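Architecture and fold: a report
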Amino acid sequence: MLAHETTTDVRLTHDLAKQLGISDSSLRRWCRMLEFQGYSFVLGEDGARVFREQDLAALKRFQVLVKHKRMNLEDAAKGVMEACLEEPAAPAEAVVLALPGEPPAEAPEPALSTDVIAHLKTSIETDVRMGLLPELLSLKQSLNEMDFEVQELKVRNKKLLQQFAEQQEELSTLKGYIENRVEQRDKELMFALREIQQTKTQMAAARDKRWWKFWDDSAPMRG
């Protein structure tokens, strides 16, 4: 809880993002840009940001500069910081997180100091752990599913190649069988032709022999 503030002044990331009409990741990105320019958010015991009324006002101003005046995030953050510097500084107790039984710490300086840089690093690590990790896990799951599909395609491709090889072997066997049959048919045809030719020759020879025998038998009778 914030010192000297009611709990209604404190908002969590999801609640504030919903109130602004943006995603949690967009809100975190806006906060990092403001922190880079020197703005300080209060951190809860778990290291996550908690937002006060002045933070809501700063983020609404940031939203107007980005959405309506078409500024990029860096220029919008600079514009918010310039406006904050022109306004009266908030009391120290309104910007410090007081733990039960402990006195409030000093308010952080709104400058890009070593502490702010360390805080920015911690915030980014927290955002990665809280916001990006599910996305990375989802991406990993998608990659695993894609890898599984690729493996299935490889198995199917292997089966298709095997079937193609088997068909090629069958075609080669069929081709050899046809060639052997054609060769055998040619041999049988040539043998049949030779048989026919020999039969014709023998028949012709037999006719000639009968004619000459008839001539020899009839010759004495004419004498």
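Residues numbered from 1 in each chain as written. Predicted model: local features only at pLDDT ≥ 70, side-chain atom pairs only at ≥ 80, totals over all residues. Heavy atoms only, no water.

Side note on the overall build of the protein chain
Which entries qualify depends on this criterion: Helix and strand definitions follow DSSP, with helices as H or I runs of at least four residues and strands as E runs of at least two, each counted in order from the N terminus. Throughout this description, buried means an accessible area under 20% of the type-specific maximum (1.4 Å probe, protein chains only), exposed means over 50%, and partly exposed covers the range between. Contacts are residue-level and defined by heavy atoms, with any inter-residue pair within 4.5 Å sufficient. All accessible areas in this document rest on Shrake-Rupley with a 1.4 Å probe, and a residue is counted as covered only by the protein chains that are shown.
Helix and strand content of the protein chain: five helices and two strands. When the helices and strands of the protein chain are read in sequence order from the N terminus, they spell out α-α-β-β-α-α-α. Counting only residues that meet the buried cut, the protein chain has 24% of its 223 residues in that class. Relative to all contacts within the protein chain whose residues are 6 or more apart in sequence, the contacts with residues 24 or more apart total 62%. Roughly 16,800 Å² of accessible area belongs to the protein chain as shown, and the carbon and sulfur atoms make up 58% of that amount.

Quick word on the packing of helix α1 (residues 13-20) against helix α3 (residues 53-67)
Going by this rule: Angular values range over 0 to 180 degrees, each being the angle between N-to-C directions of two axes fitted as lines to C-alpha atoms, with helices fitted over their stretch in contact. Reported orientations rely on four angle classes, namely roughly parallel under 35 degrees, roughly antiparallel over 145, roughly perpendicular from 65 to 115, and oblique for the rest. Left-handed describes a crossing whose near helix is turned anticlockwise from the far helix by less than a right angle; the clockwise case is right-handed.
Close contact between α1 and α3 brings their axes to 11 Å; oriented N to C, the two are set at 45°. Comparing their axes, α3 and α1 come out oblique. In the crossing of α1 with α3, the sense of the turn from one axis to the other is right-handed. Along its contact with α1, which presents Leu-16, Gln-19 and Leu-20, the element α3 presents Leu-56, Leu-59, Lys-60 and Gln-63.

As for the environment of Arg-29
Relative to the helices and strands, Arg-29 is located in helix α2 (residues 24-36). Look at Arg-29 and you get partly exposed, because its relative accessible area is 37%. Sequence separation of Arg-29 and Leu-73 is 44 residues, and the distance between their C-alpha atoms is 8.8 Å.

As for a nonpolar patch on the surface
Rules: Every patch collects residues that have over 30% relative accessible area and no salt bridge, joining them within 9 Å if they carry like charges and within 5 Å if they are nonpolar side chains (Val, Leu, Ile, Met, Phe, Trp, Tyr). Salt bridge criterion: a side-chain nitrogen from Lys or Arg within 4 Å of a carboxyl oxygen from Asp or Glu.
On the surface, Leu-171, Leu-174, Tyr-177, Ile-178 and Val-182 cluster together to form a nonpolar patch covering roughly 480 Å² of accessible area. Checked against the element boundaries, Leu-171 lands in helix α5 (residues 114-222).

Structural notes on α3
Here is the rule we go by: Each helix should span, by expectation, one fewer than its residue count multiplied by 1.5 Å.
If you check α3, its first and last C-alpha atoms are 21 Å apart, about what 15 residues at 1.5 Å a residue would give, namely 21 Å. All buried positions along α3 are accounted for by Asp-55, Leu-56, Ala-58, Leu-59, Phe-62, Gln-63, Leu-65 and Val-66. On its buried face, α3 is in contact with α1, α2, β2 (49-50) and α4 (73-86).

Focus on the side chain of Gln-63
Relative to the helices and strands, Gln-63 is located in helix α3. In contact with Gln-63, not counting residues within four places along its chain, are Leu-20, Ile-22, Trp-30 and His-68.

Comments concerning the packing of α2 against α4
Where α2 contacts α4, the axes come no closer than 9 Å and their chain directions differ by 60°. Between α2 and α4, the angle is such that the two are oblique. Judged by the sense of rotation from one axis to the other, the crossing of α2 with α4 is right-handed. Listed contacts from α4 to Arg-29, Trp-30, Met-33 and Leu-34 of α2 are Leu-73, Glu-74, Ala-77, Val-80 and Met-81.

Notes on the confidence of the model for the protein chain
Low pLDDT means the predicted coordinates in that region are not meant to be read closely. What counts here: Here pLDDT means the predictor's own confidence in every residue, given as a number from 0 to 100.
Looking at the protein chain, the pLDDT average stands at 76 and 68% of residues meet or exceed 70. This model gives residues 90-112 a pLDDT under 50, and the stretch forms 39 contacts once residues within four places in sequence are excluded.

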